[in-house]
Amino acid sequence: MALLPILTYPDPRLHTVARPVQAVDARIRGLIADLLETMYDANGIGLAATQVDVHERLIVIDISEERNQPLVLINPEIVWASDDTQLGDEGCLSVPGIYDGVERARSIKVRALDGEGQSRELAAEGMLAVCIQHEMDHLLGKVFVEYLSPLKRNRIKNKMLKARRDTERV
Ligand code: NI
């Protein structure tokens, strides 16, 4: 297991579209372990492979208080989404310190392979539904700040670039 470096916005690699996982083999199981370790270490509730510069359709999530209910979704597809939406503040390990409102479907049904390569269908609502939609966006090369107004997005981009310059200077 290893901690992986997380790409930060506006890194252009975050806009890469991931390809499907071909086989849930030892390499993918190793990647799952690394993603989970990286997510827990960063105190995140979700992490997409895209964020560690691996462009395959794989996300990990854990929204439990105790941080002991990992959810692994490989090649996830949303098979149903409610018309009913919810507006909630989101954050992202790739956009540290930024939280803003995004409108998402309130309930969804997702089909995906689990960590054993078994096909599963999962119904989700509330925070879990938001988290799955947020992470699946990463696999399409989309970061949540792209839902915000151009003005807000530019402000965030400049803040991130300045933070990066300040880090490089020391
Ligand atoms: Ni994110």
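Summary of the structure given here. (Residues numbered from 1 in each chain as written. Predicted model: local features only at pLDDT ≥ 70, side-chain atom pairs only at ≥ 80, totals over all residues. Heavy atoms only, no water.)

**Focus on the layout of surface pockets**
1) Next: Considered as a void within the structure, the largest pocket measures approximately 380 Å³ in volume.
2) Next: Lining the largest pocket are 22 residues, with Ile45, Glu90, Gly91, Cys92 and His134 sitting closest to its centre.
3) Next: Elements with a contribution of two residues or more to the lining of the largest pocket: strand 4 (85-90) and helix 2 (126-139).
4) Next: With 5 residues, helix 2 is the largest single contributor of residues to the lining of the largest pocket.
5) Next: Each residue belonging to the lining of the largest pocket can be placed in one class, and the counts come to 10 nonpolar, 9 polar and 3 charged. (1 Å grid on protein atoms, 1.4 Å probe; cavity = no way out; pocket = protein on both sides within 12 Å on 5 of 7 lines; lining within 4 Å. Points joined across faces, edges and corners; volume = space filled by probe spheres on them. Helix = DSSP H or I, 4+ residues; strand = E, 2+ residues; numbered from the N terminus. Nonpolar A, V, L, I, M, F, W, Y, C, P; charged D, E, K, R; others polar.)

**Some details on the coordination of the nickel ion**
1) Next: On the protein side, the nickel ion has Cys92 (SG), His134 (NE2) and His138 (NE2) as donor atoms, found 2.1 to 2.2 Å from it.
2) Next: Donor residues for the nickel ion, ordered by position in the chain, follow C-x41-H-x3-H. Highlighted residues: histidine 134 and histidine 138, both in helix 2, separated by 4 residues, approximately one helical turn. Per residue, the accessibility class of histidine 134 equals that of histidine 138, and both read buried. (Donors = N, O, S within 2.8 Å, 3.2 Å for Na, K, Ca; no water. Buried < 20%, exposed > 50% of the residue type's maximum accessible area, 1.4 Å probe, protein only.)

**Topic: the side chain of serine 107**
1) Next: Of note, serine 107 is situated in strand 6 (residues 107-113).
2) Next: Other than its neighbours up to four places away in sequence, serine 107 contacts Trp80, Ala81, Ser82, Ala124 and Glu125. (Contact = heavy atoms within 4.5 Å.)

**A few points about the state of the cysteines**
1) Next: Counting across every chain of the model gives 0 disulfides.
2) Next: A disulfide-free cysteine, cysteine 131 has its sulfur positioned 10.0 Å from the sulfur of cysteine 92, the nearest such atom.
3) Next: We classify cysteine 131 as buried; its relative accessible area is 5%. (Disulfide = S-S within 2.5 Å.)

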